[in-house]
Amino acid sequence: MLVDPPIDKMVETVGNKYALVGILSKRARTLMDKRHDYLEQEGINAVSYAAKEVVEGKVEGVEEG
């Protein structure tokens, strides 16, 4: 279960939960393709890393509220 960052904060950042799912899944797939070795080495889940990037505003497609 994803608890950090909080889902409510990500929904506020993105706008709605459906857009959040799309953004997270697309970014996680990209991370798995391009940075799989880094994620595996650091022991980080791709979805968790993508969620962190969403909250930090590092992912395109995220509305700034």
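Since the structure is predicted, the reported quantities are computational estimates derived from the model, not experimental observations.

(A) Fine view of helix H4 (residues 46-56). Among all positions of H4, only Ala-46, Tyr-49, Ala-50, Ala-51, Glu-53 and Val-54 are buried. Between a side-chain oxygen at the N-terminus of H4 and the backbone nitrogen of Val-47 the separation is 2.7 Å; the capping residue is Asn-45. Within two residues after H4, Gly-57 carries a phi angle of roughly 80°, on the positive side.

(B) Main features of the side chain of Glu-53. If you trace the backbone, Glu-53 turns up in helix H4. Judged by relative accessible area, Glu-53 falls into the buried class, the value being 8%. Sequence-distant contacts of Glu-53, defined by excluding residues within four places in its chain, comprise Arg-27, Leu-31, Lys-58 and Val-59.

(C) Region of interest: the packing of aromatic side chains. Using the criterion set out here, one finds 1 aromatic pair in the structure. Directly above the ring of Tyr-38 sits Arg-35, whose terminal nitrogen or CZ lies 4.5 Å from the centroid.

(D) How the structure looks around the pattern of salt bridges. All chains considered together, the criterion is met by 2 salt bridges. Of the charged contacts, one joins Glu-53 and Arg-27 as a salt bridge, the two residues approaching to 2.6 Å between their closest N and O atoms. Here the residue Glu-53 occupies a position in helix H4, and Arg-27 occupies one in helix H2 (residues 17-34), the gap between them amounting to 26 residues. We classify Arg-27 as partly exposed; its relative accessible area is 24%. Note that Glu-56 is salt-bridged to Lys-58, the shortest N-O span being 3.1 Å. Residue classification places Glu-56 among the partly exposed residues on the basis of a relative accessible area of 42%.

Cut-offs and rules
Residues numbered from 1 in each chain as written. Predicted model: local features only at pLDDT ≥ 70, side-chain atom pairs only at ≥ 80, totals over all residues. Heavy atoms only, no water. Buried < 20%, exposed > 50% of the residue type's maximum accessible area, 1.4 Å probe, protein only. Helix = DSSP H or I, 4+ residues; strand = E, 2+ residues; numbered from the N terminus. Polar contact = N/O pair within 3.5 Å; in protein donor to acceptor, adjacent residues only side chain to side chain. Contact = heavy atoms within 4.5 Å. Phe/Tyr/Trp six-rings, centres within 6.5 Å; stacked < 30°, edge-to-face > 60°. Lys NZ or Arg CZ within 6 Å of the ring centre and 35° of its normal. Salt bridge = Lys/Arg side-chain N within 4 Å of Asp/Glu carboxyl O.

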